[in-house]
Protein chains: 2
Amino acid sequence: MRGEATPRLREALEDDIVAGRLRPGQRLDEVGLAERFNVSRTPIREALIQLASSGLVEIRPRRGAFVLLLGPRELIESFELMAEIEAACARLAARRMGDEDRAALERAHHACEDAVRAGDPEAYYPTNAAFHAAIYAATGNRVLAAEALRLQRRLQPYRRLQLRVPRRMDASFAEHEAILAALLSGDGEAAAEALHAHVLVQGERFMSLITALQDEAEVVARAG
Amino acid sequence: MRGEATPRLREALEDDIVAGRLRPGQRLDEVGLAERFNVSRTPIREALIQLASSGLVEIRPRRGAFVLLLGPRELIESFELMAEIEAACARLAARRMGDEDRAALERAHHACEDAVRAGDPEAYYPTNAAFHAAIYAATGNRVLAAEALRLQRRLQPYRRLQLRVPRRMDASFAEHEAILAALLSGDGEAAAEALHAHVLVQGERFMSLITALQDEAEVVARAG
DNA sequence: GTCAATGATCTTGTATGCAAGATTTGACTG
DNA sequence: CAGTCAAATCTTGCATACAAGATCATTGAC
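Cut-offs applied
- Residues numbered from 1 in each chain as written.
- Chains lettered and ligands numbered in written order.
- Predicted model: local features only at pLDDT ≥ 70, side-chain atom pairs only at ≥ 80, totals over all residues.
- Heavy atoms only, no water.
- Helix = DSSP H or I, 4+ residues; strand = E, 2+ residues; numbered from the N terminus.
- Contact = heavy atoms within 4.5 Å.
- Areas by Shrake-Rupley, 256 points an atom, 1.4 Å probe, with all protein chains shown as cover.
- Expected span 1.5 Å × (residues − 1).
- Buried < 20%, exposed > 50% of the residue type's maximum accessible area, 1.4 Å probe, protein only.
- Near = heavy atom within 4 Å.
- Polar contact = N/O pair within 3.5 Å; in protein donor to acceptor, adjacent residues only side chain to side chain.
- Nonpolar A, V, L, I, M, F, W, Y, C, P; charged D, E, K, R; others polar.
- Least-squares fit on C-alpha atoms with pLDDT ≥ 70 in both.
- Phe/Tyr/Trp six-rings, centres within 6.5 Å; stacked < 30°, edge-to-face > 60°.
- Lys NZ or Arg CZ within 6 Å of the ring centre and 35° of its normal.
- Pairing = 2+ DSSP bridges.
- Salt bridge = Lys/Arg side-chain N within 4 Å of Asp/Glu carboxyl O.
- Buried area = accessible area lost by both parts, 1.4 Å probe.

K.L.:
Please clarify how the overall build of chain A should be interpreted in this entry.
P.N.:
Summing up its helical and strand segments, chain A has nine helices and three strands in all. Listed N to C, the secondary structure of chain A is α-β-α-α-β-β-α-α-α-α-α-α in terms of helices and strands. The contacts of chain A with a sequence gap of at least 6 include a subset with a gap of at least 24, amounting to 74%. Surface summary for chain A: the accessible area is close to 10,300 Å², and the carbon and sulfur share equals 52%.

K.L.:
Which parts of the structure should I look at to understand helix H3 (residues 41-53) of chain A?
P.N.:
Three or four residues apart is the spacing at which side chains of an α-helix point the same way, because the helix has 3.6 residues per turn. Taking 1.5 Å of rise per residue, 13 residues should cover 18 Å, and H3 of chain A covers 18 Å from first to last C-alpha, within 8% of that figure. All buried positions along H3 of chain A are accounted for by Pro43, Ile44, Glu46, Ala47, Leu48, Ile49 and Leu51 of chain A. Buried positions along H3 of chain A lie against helix H1 (5-18), strand S1 (27-28), helix H2 (30-37), strand S2 (57-60) and strand S3 (64-67) of chain A together with helix H3 (41-53) of chain B. Gly55 of chain A sits one or two residues past H3 of chain A and shows a positive phi near 85 degrees.

K.L.:
It is not clear to me how the protein's contact with DNA strand C should be interpreted in this structure. Could you clarify?
P.N.:
Close to DNA strand C lie 18 residues; Arg41 and Arg45 of chain A together with Ala5, Ser40 and Arg63 of chain B are nearest. Within 4 Å of the protein, the contacting atoms of DNA strand C are 67% sugar and phosphate, with bases supplying the remainder. A distance of 2.8 Å separates a phosphate oxygen of DNA strand C from a polar backbone atom of Arg62 of chain A. The side chain of Arg63 of chain B places a nitrogen or oxygen atom 2.5 Å from a phosphate oxygen of DNA strand C. Elements represented by at least two residues in the surface near DNA strand C include exactly H3 of chain A together with helix H1 (5-18) and H3 of chain B. Top contributing element to the surface near DNA strand C by residue count: H3 of chain B, with three residues. Its residues assigned to classes, the surface near DNA strand C shows four nonpolar, four polar and ten charged.

K.L.:
What am I meant to see in the relation of the copies chain A and chain B here?
P.N.:
Here the two chain copies are tied together by a rotation about an axis and a shift along that axis. Each copy superposes on the other: chain A lies on chain B with an RMSD of 0.0 Å after a rotation of 180 degrees and an axial shift of 0.1 Å. In short, the pair behaves as if placed about a two-fold rotation axis. For chain A, the minimum C-alpha distance to the rotation axis belongs to Ser53 of chain A and amounts to 2.8 Å. Most of the interface of chain A is mirrored in chain B, where 100% of its interface residues again form contacts.

K.L.:
Is there a simple way to explain the packing of aromatic side chains in this structure?
P.N.:
Geometry of an aromatic ring pair is reported as the spacing of the ring centres plus the angle between the planes. Tallying each qualifying case throughout the model produces zero aromatic pairs over all chains. One cation-aromatic arrangement involves Arg60 of chain A over Phe66 of chain A; the distance from NZ or CZ to the ring centre is 4.1 Å.

K.L.:
How do you make sense of the pairing of S2 of chain A when you look at a structure like this?
P.N.:
Across a regular strand the side chains alternate sides, sitting on one face of the sheet and then on the other. Residues and elements named next belong to chain A. In terms of strand pairing, S2 meets S3 through four bridges, oriented antiparallel. Looking at S3, one finds that Ile59 is bridged to Ala65. Connecting S2 to the antiparallel partner S3 that follows it, the hairpin turn spans three residues, and Arg62 within it adopts a positive phi of roughly 65 degrees.

K.L.:
What exactly am I supposed to notice about the pattern of salt bridges here?
P.N.:
In this structure the tally under the stated criterion is 39 salt bridges over all chains. With a shortest N-O distance of 2.7 Å, Arg73 of chain A and Glu77 of chain A are connected by a salt bridge. Of this pair, Arg73 of chain A and Glu77 of chain A are both found in helix H4 (residues 72-96), four residues apart, which corresponds to roughly one turn of the helix. Note on Glu77 of chain A: relative accessible area 8%, which makes it buried. Across the salt bridge formed by Glu80 of chain A and Arg96 of chain B, the nearest N and O atoms sit 2.4 Å from each other. Here Glu80 of chain A, found in helix H4, pairs with Arg96 of chain B, found in helix H4 (residues 72-96), and the two come from separate chains. Relative accessible area serves as the criterion here: at 11%, Glu80 of chain A is assigned to the buried category.

K.L.:
Whenever I open this one, unusual backbone geometry confuses me. Can you help?
P.N.:
Despite not being glycine, Arg62 of chain A has its phi angle at roughly 65 degrees, a positive value. Structurally, the position occupied by Arg62 of chain A is in the loop between S2 and S3. The phi torsion at Asn38 of chain B lies on the positive side, around 60 degrees, for a residue other than glycine. Along the chain, Asn38 of chain B falls in the loop between helix H2 (30-37) and H3.

K.L.:
It is not clear to me how the protein's contact with DNA strand D should be interpreted in this structure. Could you clarify?
P.N.:
Close contacts around DNA strand D come from 18 residues, with Ala5, Thr6, Ser40 and Arg63 of chain A together with Arg41 of chain B the closest. Near the protein, within 4 Å, the atoms of DNA strand D are sugar or phosphate in 67% of cases. Those elements that provide at least two residues to the surface near DNA strand D are H1 and H3 of chain A together with H3 of chain B. It is H3 of chain A that provides the largest number of residues to the surface near DNA strand D, a total of three residues.

K.L.:
When you look at the pairing of S3 of chain A in this model, what are you seeing that I'm missing?
P.N.:
Of the strand pairs in this sheet, S1 of chain A and S3 of chain A are connected by two bridges, and their pairing is antiparallel. Directly across from Leu28 of chain A, in S3 of chain A, lies its bridge partner Ala65 of chain A.

K.L.:
Which parts of the structure should I look at to understand the interface of chain A and chain B?
P.N.:
Reports often express the size of an interface as the amount of accessible area lost when the parts come together. If you look at the interface, chain A gives 27 residues, while chain B gives 27 residues. Buried surface at the junction of chain A and chain B, summed over both partners, amounts to about 2,600 Å²; 47% is from carbon and sulfur atoms. Taken together, chain A and chain B are joined by ten salt bridges. Among the salt bridges present, the one from Glu4 of chain A reaches Arg62 of chain B, with a minimum N-O distance of 3.8 Å. One can count 18 residue pairs in polar contact (both at pLDDT 80 or more) joining chain A with chain B. Those elements giving two or more residues to the side of chain A that touches chain B turn out to be H3, H4 and helix H7 (142-162) of chain A.

Next comes the structure, spelled out in structure tokens:
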């Protein structure tokens, strides 16, 4: 077994959580994971600690690790934070982005368009994430971009549900169009406002779904 | 040894870093720390991993852990992120803060005033941090506040140096006054702008000092 | 039949052991 | 005398061992 185990485990678990294969609230048993990955508990624990620090996992002392389950309040607050950070990204990106960034942004936008045309939410999901990531990158501020990505990943398990809402995908894409136009025209304030609303509306639309998920997940947590 | 060791170790190391007892760039030897705290390497490693995830420590695989040393670019970017986040806090706080928050903010401001009167940068430092923290809390958004605090701590080892700059403490306090006035009058935009500038100016003023620290720390890192 | 208490079982948190990669030291070569 | 290669030493990363707290089940009382 070459290379180091811990980073690999962290990525594998992170993918499982972000992709929804591990559901919010689910318990992460150290021994079980160790067996699944054919390693000892030590690197598993270290990976779990890292995931806890980046906000994907919650470790309750002496009780074990759980996929982070955001309550309604935390969820609203997280989307609000995301909206503020993305708005800041829009402002900076509009001011600073270069030709390379513009091209990447347009590529990402077209990829979204393809997914919308295909009417495939599963395909839209990653292209949407990439579009937002392209905005982060266009700020030229790597620290800010890393922070935005971290938050994006933290919210992805929840976002994922939202694309199932009828017509949401088309609405999302239309909003992207307005954001992109504002960015390309260099109007940072307009882009910031549009992006802020775009993120917040997602948070708000989620709430009903989330509450449902919440109940479901709690049942899972209790049963599992 | 009752209670759990890891959280205690994390806090102790975090305090050492934030307070400047452990300098940026300094190596953190697992065995040495284990002896110092009378524990095995295991909880030390877990504490270091947590500190790495919150951005106070850098772990280079197979090379060990080091107190995070931000380069000039990362430092500028971090202050820019901090400025954006604090500006967002100001906007939200101006809209939402209650009487309790107002009172806490004024108390924090008066504590700053005392330190300025005494002309004591060492005393001003924590009161300044508390003033900013009061703004975070006044947003009513705990997720946002937690994020702001995390960044604040990450930058504290660097901020700490800046209060040594002549007259900086008085200028900082004067800026606080303007920020507080805007917040209390409910003018979120003005508060946001003032706070944004307040944070950014710190970042900019730091740069010369930082470069000096950078060199010094690298020497320490190489020697240690 | 429900609830509480107590012991068995399981899981976490920490210590210790060991192998592999990194660093240092010292000798040797040009 | 500087530079380089190699072996010895040190450190990390992972595995395993063990103790203490948490969970669960069984039993007994009401």
